[in-house]
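Listed below are the residues making up each chain.
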Amino acid sequence: MATFLRAFGRFFTKHPLAGNGLVYGTLYVGAEFSQQTITRKLLTDPPQDIDRPTLARYAVMGTFIYSPILYNWYKWLDKTFPGTAKRIIVKKLLLDQFILTPPLLVIFFTGMSLMERQSSITEECRQKFLPTFARSCLFWMPAQTLNFVLVPPKFRVVYVGSCAFAWVNILCWVKRQKMLSSN
């Protein structure tokens, strides 16, 4: 196990974007898979098959869209606001929640609608953005406080990915909620 962890650490040092993408993407898909296991296998009678195209959409979103954004964001944030003083942490929290999160939610809802070939790629975002943003404040503010105080910068995306496993379960639940009719 120690050999594996050293190799993992070396890979992360040499290829941080790829390492973060693999971990974040895996956790993102894992969250959707856990939601599908509960909703399709445990709560339906008879059980339904896992929806693989949806898992693929979450893989694209987590690995190729969110991961590079988060990697570059935290790299910039740590370079621009180094340290763990309270005022620095507050700046990072506010920037993360109020500058980064809104575009990430828009990307999530519109990107998923686009990949699902919805007739309107903005309708779900319009209906679900504000309640999802409110939930994200309650979830991410404490999680990011720990991130900025305790987590070494090279592991920020992995930590966020671990938290995102829980958060994406929330997003998956929100995504499954019916939209209001636009009529």
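Preceding block: the structure.
In this report, we go over the structure that sits alongside the text. (Residues numbered from 1 in each chain as written. Predicted model: local features only at pLDDT ≥ 70, side-chain atom pairs only at ≥ 80, totals over all residues. Heavy atoms only, no water.)

**Side note on the packing of helix α1 (residues 2-14) against helix α2 (residues 16-42)**
At step 1: For the pair α1 and α2, interaxial distance at closest approach is 5 Å and the crossing angle is 120°. In terms of their interaxial angle, α1 and α2 are classed as oblique. Counting all contacts with α1, which are made through Phe 8, Phe 11, Phe 12, Thr 13 and Lys 14, the residues of α2 involved are Pro 16, Ala 18, Gly 19, Asn 20, Leu 22 and Val 23.
At step 2: Each residue belonging to the contact of α1 with α2 can be placed in one class, and the counts come to seven nonpolar, three polar and one charged. (Axes fitted to C-alpha atoms, helices over the stretch in contact; angles between N-to-C directions. Helix = DSSP H or I, 4+ residues; strand = E, 2+ residues; numbered from the N terminus. Parallel < 35°, antiparallel > 145°, perpendicular 65-115°, else oblique. Contact = heavy atoms within 4.5 Å. Nonpolar A, V, L, I, M, F, W, Y, C, P; charged D, E, K, R; others polar.)

**Comments concerning the pattern of salt bridges**
At step 1: Under the criterion given, the structure shown has seven salt bridges.
At step 2: Put simply, Glu 116 and Lys 175 hold a salt bridge, and the shortest N to O gap is 3.1 Å. Of the two residues, Glu 116 is situated in the loop between α4 (86-115) and α5 (123-150) and Lys 175 in helix α6 (residues 156-176); the sequence distance between them amounts to 59 residues.
At step 3: By relative accessible area, Glu 116 is classed as partly exposed at 25%.
At step 4: The salt bridge partner of Glu 124 is Lys 175, with a shortest N-O separation of 2.6 Å. In this pair, Glu 124 sits in helix α5 while Lys 175 sits in helix α6, placing the two residues 51 residues apart along the sequence.
At step 5: For Glu 124, a relative accessible area of 6% puts it in the buried group.
At step 6: Residues joined in a network through salt bridges with shared partners are Glu 116, Glu 124, Lys 128 and Lys 175. (Salt bridge = Lys/Arg side-chain N within 4 Å of Asp/Glu carboxyl O. Buried < 20%, exposed > 50% of the residue type's maximum accessible area, 1.4 Å probe, protein only.)

**What about the packing of aromatic side chains?**
At step 1: Inspection of the entire model under this criterion finds 14 aromatic pairs.
At step 2: An angle of 80° between the planes, with centres 5.0 Å apart, marks the rings of Phe 139 and Trp 140 as edge-to-face.
At step 3: Classification of Phe 139 as partly exposed rests on a relative accessible area of 22%.
At step 4: What links up through ring pairs into an aromatic cluster is the set Tyr 24, Tyr 28, Tyr 58, Tyr 66, Phe 108 and Phe 109. (Phe/Tyr/Trp six-rings, centres within 6.5 Å; stacked < 30°, edge-to-face > 60°.)

**Some details on the side chain of Ser 67**
At step 1: Examined against the element boundaries, Ser 67 turns out to sit in helix α3 (residues 52-80).
At step 2: The exposure class assigned to Ser 67 is buried, which follows from its relative accessible area of 0%.
At step 3: Not counting residues up to four positions away in its chain, the partners in contact with Ser 67 are Leu 17, Asn 20, Gly 21, Tyr 24, Gly 62 and Val 157.

**Brief notes about empty space enclosed by the protein**
Any space left empty among the atoms is revealed by the rolling of a water-sized probe across them.
At step 1: Enumeration over the complete set of coordinates arrives at one cavity of 30 Å³ or more.
At step 2: Estimates place the volume of the largest cavity at around 190 Å³.
At step 3: Contributing elements (two or more residues each) for the lining of the largest cavity: α2, α3, α4, α5 and α6.
At step 4: Across the lining of the largest cavity, the residue classes break down as 14 nonpolar, four polar and one charged. (1 Å grid on protein atoms, 1.4 Å probe; cavity = no way out; pocket = protein on both sides within 12 Å on 5 of 7 lines; lining within 4 Å. Points joined across faces, edges and corners; volume = space filled by probe spheres on them.)

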